[in-house]
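Each chain, letter by letter, is given below.
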Amino acid sequence: MSSLPTEHPARLGLTEAEAARRLAAEGPNELPSQKPRGVLAIALEVVKEPMFLMLLAAGGLYLAMGEPGDAVLLLCFVFVVMTITIVQERRTERALDALRDLSSPRALVIRDGERRRIAGREVVRGDLLVLAEGDRVPADALLREGAHLSADESLLTGESVPVRKHASPSATALDRPGGDDLPSLFSGTLVTGGQGTAEVVSTGFATELGKIGKALHTIEAQQTPLQAETGRLVKRFAAVGLGLCTLVVLVYALARGGSADVWKQGLLAGIAMAMATLPEEFPVVLTVFLALGAWRISKSRVLTRRMPAVETLGSATVLCVDKTGTLTQNQMTVARLVVGSEERELAGGRPGLPAPFLEVARAAVLASKQDPFDPMERAIHSALALLEPGAQPFSGRDLVHEFPLSPSLLAVTQAFTSPGSDAVQLFCKGAPEAVARLCRLSPERGAALDAQVAALAARGLRVLGVARGSAASEAALPQAHADLSLSFDGLVGLEDPLRLTVPAAVQECQAAGIRVVMITGDYPATAQSIARQAGLASPDLVITGPELETLSTEALRDRLAAVSVFARVVPEQKLKIVEAFKARGEVVAMTGDGVNDAPALKAAHIGIAMGGRGTDVAREAAALVLLDDDFSSIVAAVRLGRRIFDNIRKAIAFVVAVHIPIAGLSVIPVFFPGWPLLLLPVHIVFLELVIDPSCTLIFESEEAEPTVMARPPRDPREPLFSAKALGLAAAQGVAALAACLAIFLYGKAAHGPDAARALAFATLVVCALGIILSNRSWTRPFWRMFRVPNAALRYVVGGSALMLALVLALPQARSLFHFAPVDPADLAVALGAGVACLLGSEALKQLRAPAAAGSPPRPAVDPPAAGR
């Protein structure tokens, strides 16, 4: 039989220095993937954009009309717009690169004698991999030590039945995939059972997967609901813009005599109209906001693997979380030992305990891995080291068999022999009721044990039973774990303290209308103790795993209205809980870490895998990966998800609002033969220099509203562009258009068309900046927002004001923009009109404030799952 993996002194792994040298020499452990776009590639994409093509067409018209100055100015603006676009695109690319690094498969390796979890791409030849059930093998390797390890190699062989692996300390070459009892492990295959230590022999292109040129994952870009909705809106705007462009050209030319010069002016007017109505910012907003949003969420130690999760986060109504490691610190310590009716507290180690208590501690250690990774087993080892310094319980013993944990028997037994003897010693630990079953306790003793366990669990302790036994020889061992007959030693009570951040995070969730539900394999009393400390609702109401099995879906759905604690639950039962919550119309986020959690993670609207202790299977099934396994990070991600969605809405509302006066000023003069064209392509490009940075840089970096976690979850059926939101944006835009037209008429009557154009343009710029200031927050007046830092705002507002001042003050710039000099008094009137527009936007905002601050409870709904 195979021995369990241990870290033999000869197997301390590579040193970090040697690993770095091999990584530099042989390259990262990854297969070909899409290369990031360089600056030239992004520039070529910009050249193909409709806005760029229209600018070139306008420049060509200016040259044909003998106005090279206008053409050169437009080309200069082209390069400025291209630079802004490239900066934004590179920022998005860097965010996506950071996410790709985080989302690469993780590997647990031994380096310098210590276990480290690293990105799979950093694995090098010679690394020692620590593998367990649910792990994805990151590179081709040879199994050096293992216990009951099997792997699914269907990726390479097409055969879905897992193959057994047999450890070989001396093997040097890989065998073909698909063979049983061989030491070869292959990149991309899945460990379906057991555990072991393997030495990497090939990485990257040299692996079997690399040789046949197959990628493990083909990640297809999926269109999110936001993108679909935005796409529809862009198409509508484009259709309207194309129709208006044609109308403008025809009306302008036919109403003014139809000469060649008039047709050229009409084409300029049509191009300006098309540029004014083309909402090219919409896809930019979504791409930048979702990519940078996912990057911001990753800074809160939460990795977004699927973009729809960013949208769905704001709709979550239930967070189903594990207790151990998520609500608690996952730093187990042995708090109490129980023998018979006596208890001993282990505060400070308590050396000098009576012999029976030391025997319980020794037996618990011998029922654990010699070099454990499990937190409880580490705690048990640490406790014995404190109680009996220098103890070596495994010395002189050879492990010959292990009866592993199973869903039907929650206990593990290890069998040892000693040199020179055939006798086998058995040591067992596990759930007290399972250990009691193996010990064949009398009903009276069993009842007394149940009472002891309940008393310990009520103090928030996790309780393990410990037993021992013997057999005449290895051949005399029964085949089935349940057929063992053992002698009960005592109980071990472990505690895992609640994370200090959890109570505040739970309270924040409850204020945001999000229920927190705890699901644990622990005893009900232990779960209730942690639930009370965390502040969960109704901690005294518990549904246990056995009870869950007896409940129909309808009965469970009814019980969920009051119950927030599930205890003694096995992973397979999580799916039933998720489906019951979904049947109630809840939007469910579910955490999980094991292979058996994958179905529940996929079924949940937002599957959240544990990045620290989770398996690769769980991470692949999830939409989010919790890198630090901390519950407060989930709450931070929900807060960021709501902030991202709010800011997208603000940016889109600004884009809609600001395009209305631009389009109006482009088309209205066409219908009045005595009016000059108010906006030419050069003016549109200038305004684009304000709009593009504003809707991405300013709104993307805007802080969350103070009420973001004090309002109910968003109804996922609610469109991004609701009638009320579009109505507010339209009202802001119409107010700005009215202000600009009023100033134009005032200037035209007093100073002529060119001065009127300058005054109307100045008013439009101020109105656009005013809409930015007003839309920074839909719940606070703009003057209070000056205390909220936003570096991008200073640059955009300051740069726009400076450029406007130069255009109005410099004669050469005025000539290029077709402006006439304006009096300071008239300019003050124009600026005053822009400020009035800002104040009007603030008044309109008050109509929307109640909806922004909160909304009535939403109807039950079942949105598309981000974790599927």
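Structure: see above.
Note that this is a predicted model, so its numbers are computed, not measured.

Undergrad: Mind showing me how you'd approach helix α16 (residues 502–511) here?
TA: Every α-helix winds through 3.6 residues per turn, so residues three or four apart in the chain are directed the same way. Looking at α16, one finds that the buried residues are Val502, Ala505, Val506 and Cys509. Relative to the axis of α16, the buried residues are bounded by an arc of 100 degrees and lie together on one face. Facing away from the buried side of α16 by over 90 degrees, the exposed positions are Ala504 and Gln507. Each element contacted by the buried residues of α16 is listed here: β9 (318–322), α11 (323–327), β17 (515–519), α17 (524–534) and α23 (631–667). Positive backbone phi, approximately 80 degrees, marks glycine 513, located one or two places after α16.

Undergrad: Please clarify how a nonpolar patch on the surface should be interpreted in this entry.
TA: On the surface, Leu247, Phe671 and Phe672 cluster together to form a nonpolar patch covering roughly 270 Å² of accessible area. By the element assignment, leucine 247 lies in helix α7 (residues 225–255).

Undergrad: What am I meant to see in the pattern of salt bridges here?
TA: Close approach of charged atoms allows side chains with opposite charge to pair. What the rule picks out here adds up to 29 salt bridges. With its nearest N and O atoms 3.1 Å apart, the salt bridge here joins arginine 336 to glutamate 343. One salt bridge connects arginine 559 with glutamate 547, and the closest N-O pair in it is separated by 2.9 Å. Placement of arginine 559 in helix α19 (residues 553–559) and of glutamate 547 in helix α18 (residues 545–550) is noted, with a sequence separation of twelve residues between them. Residue class for arginine 559 comes out partly exposed when judged on its relative accessible area of 29%. Connected via shared salt-bridge partners are Glu359, Arg362, Glu388, Arg468 and Asp489.

Undergrad: I'm lost on the packing of aromatic side chains in this one. Help?
TA: Centre distance and the angle of the planes are the two values used to describe a pair of aromatic rings. The tally for this structure, following the rule as stated, stands at nine aromatic pairs. Geometrically, the ring pair formed by phenylalanine 782 and tryptophan 783 is edge-to-face, given 5.4 Å between the ring centres and 80 degrees between the ring planes. A relative accessible area of 13% places phenylalanine 782 in the buried class. A centroid spacing of 6.0 Å and a plane angle of 85 degrees characterise the contact between phenylalanine 782 and phenylalanine 786, whose relative ring orientation is edge-to-face. Within the aromatic cluster, the residues linked to one another by ring pairs are Phe394, Phe416 and Phe427.

Undergrad: Would you explain α17 in this entry?
TA: Of all eleven residues in α17, eight are buried, a share of seventy percent or more. Within α17, the full set of buried residues consists of Ala525, Thr526, Ala527, Gln528, Ser529, Ile530, Ala531 and Ala534. Immediately downstream of α17, the backbone of glycine 535 shows phi near 90 degrees, a positive value.

Undergrad: What am I meant to see in the packing of helix α15 (residues 443–458) against α17 here?
TA: Helices that pack against each other are described as a pair by the angle of their axes relative to one another and the distance between those axes. Between α15 and α17, whose axes approach to 7 Å, the crossing angle comes to 10 degrees. On the basis of the axis angle, α15 is roughly parallel to α17. In this structure, α15 contributes Ala454, Ala457 and Ala458 to the contact, and α17 contributes Ala525, Thr526 and Ser529.

Undergrad: Even after reading the chapter, I still don't get the sheet that holds strand β8 (residues 302–304), so can you show me in this structure?
TA: Read from one edge of the open sheet, eight strands run β8-β22-β21-β20-β9-β17-β19-β18, paired in mixed fashion. The open sheet has two free edges, formed respectively by β8 and β18 (542–544), since each of these has just one partner strand. On average, each strand axis in the sheet is tilted by 20 degrees relative to the strand beside it, whichever way the strands run. Packing against the sheet, helix α20 (residues 574–583) makes contact with β9, β17, β19 (565–567) and β20 (588–592), and its axis sits at approximately 170 degrees to β20.

Undergrad: Which parts of the structure should I look at to understand the pairing of strand β7 (residues 190–202)?
TA: Two faces, one strand: in a regular strand the side chains alternate between the faces of the sheet. Examined bridge by bridge, strand β3 (residues 128–132) and β7 share five bridges and lie antiparallel to one another. Residue pairing for β7: leucine 128 is matched across the bridge by glutamate 199. One ladder, built from ten bridges, connects strand β4 (residues 140–152) with β7; its direction is antiparallel. Among the inter-strand pairings, leucine 142 is bridged to a residue of β7, identified as glutamate 199.

Undergrad: Which parts of the structure should I look at to understand unusual backbone geometry?
TA: Where the residue is not glycine, phi is negative for most of them; where a peptide bond is considered, it is trans in most cases. With a phi angle near 55 degrees, aspartate 112 is a residue other than glycine that sits in the positive phi range. Within the secondary structure, aspartate 112 is located in the loop between β1 (106–111) and β2 (114–119). A relative accessible area of 44% places aspartate 112 in the partly exposed class.

Undergrad: Got a minute to help me understand the sheet that holds strand β12 (residues 398–403) in this structure?
TA: Hydrogen bonding along the main chain pairs the strands of a sheet, whether they run parallel or antiparallel. With antiparallel pairing, seven strands are arranged side by side in an open sheet as β11-β10-β16-β15-β14-β13-β12. Across the chains shown, the open sheet's two edge strands, defined by having one partner strand only, are β11 (342–345) and β12. Direction aside, neighbouring strands of the sheet carry axes that sit 25 degrees apart on average. As defined by bridge partners, β12 adjoins strand β13 (residues 411–417) across five bridges and the pair is classed as antiparallel. Across the sheet, histidine 401 pairs through a bridge with alanine 415, a residue of β13.

Undergrad: Got a minute to help me understand the side chain of lysine 429 in this structure?
TA: Within the element layout of this structure, lysine 429 appears in strand β14 (residues 424–430). A distance of 3.2 Å separates a polar side-chain atom of lysine 429 from the backbone oxygen of alanine 367.

What counts and how
- Residues numbered from 1 in each chain as written.
- Predicted model: local features only at pLDDT ≥ 70, side-chain atom pairs only at ≥ 80, totals over all residues.
- Heavy atoms only, no water.
- Buried < 20%, exposed > 50% of the residue type's maximum accessible area, 1.4 Å probe, protein only.
- Helix = DSSP H or I, 4+ residues; strand = E, 2+ residues; numbered from the N terminus.
- Arc of directions from axis to C-beta.
- Contact = heavy atoms within 4.5 Å.
- Patch = residues over 30% accessible without salt bridge, like charges linked within 9 Å, V, L, I, M, F, W, Y side chains within 5 Å.
- Areas by Shrake-Rupley, 256 points an atom, 1.4 Å probe, with all protein chains shown as cover.
- Salt bridge = Lys/Arg side-chain N within 4 Å of Asp/Glu carboxyl O.
- Phe/Tyr/Trp six-rings, centres within 6.5 Å; stacked < 30°, edge-to-face > 60°.
- Axes fitted to C-alpha atoms, helices over the stretch in contact; angles between N-to-C directions.
- Parallel < 35°, antiparallel > 145°, perpendicular 65-115°, else oblique.
- Pairing = 2+ DSSP bridges.
- Polar contact = N/O pair within 3.5 Å; in protein donor to acceptor, adjacent residues only side chain to side chain.

Bear in mind that shape data such as this cannot, by itself, settle questions of function.
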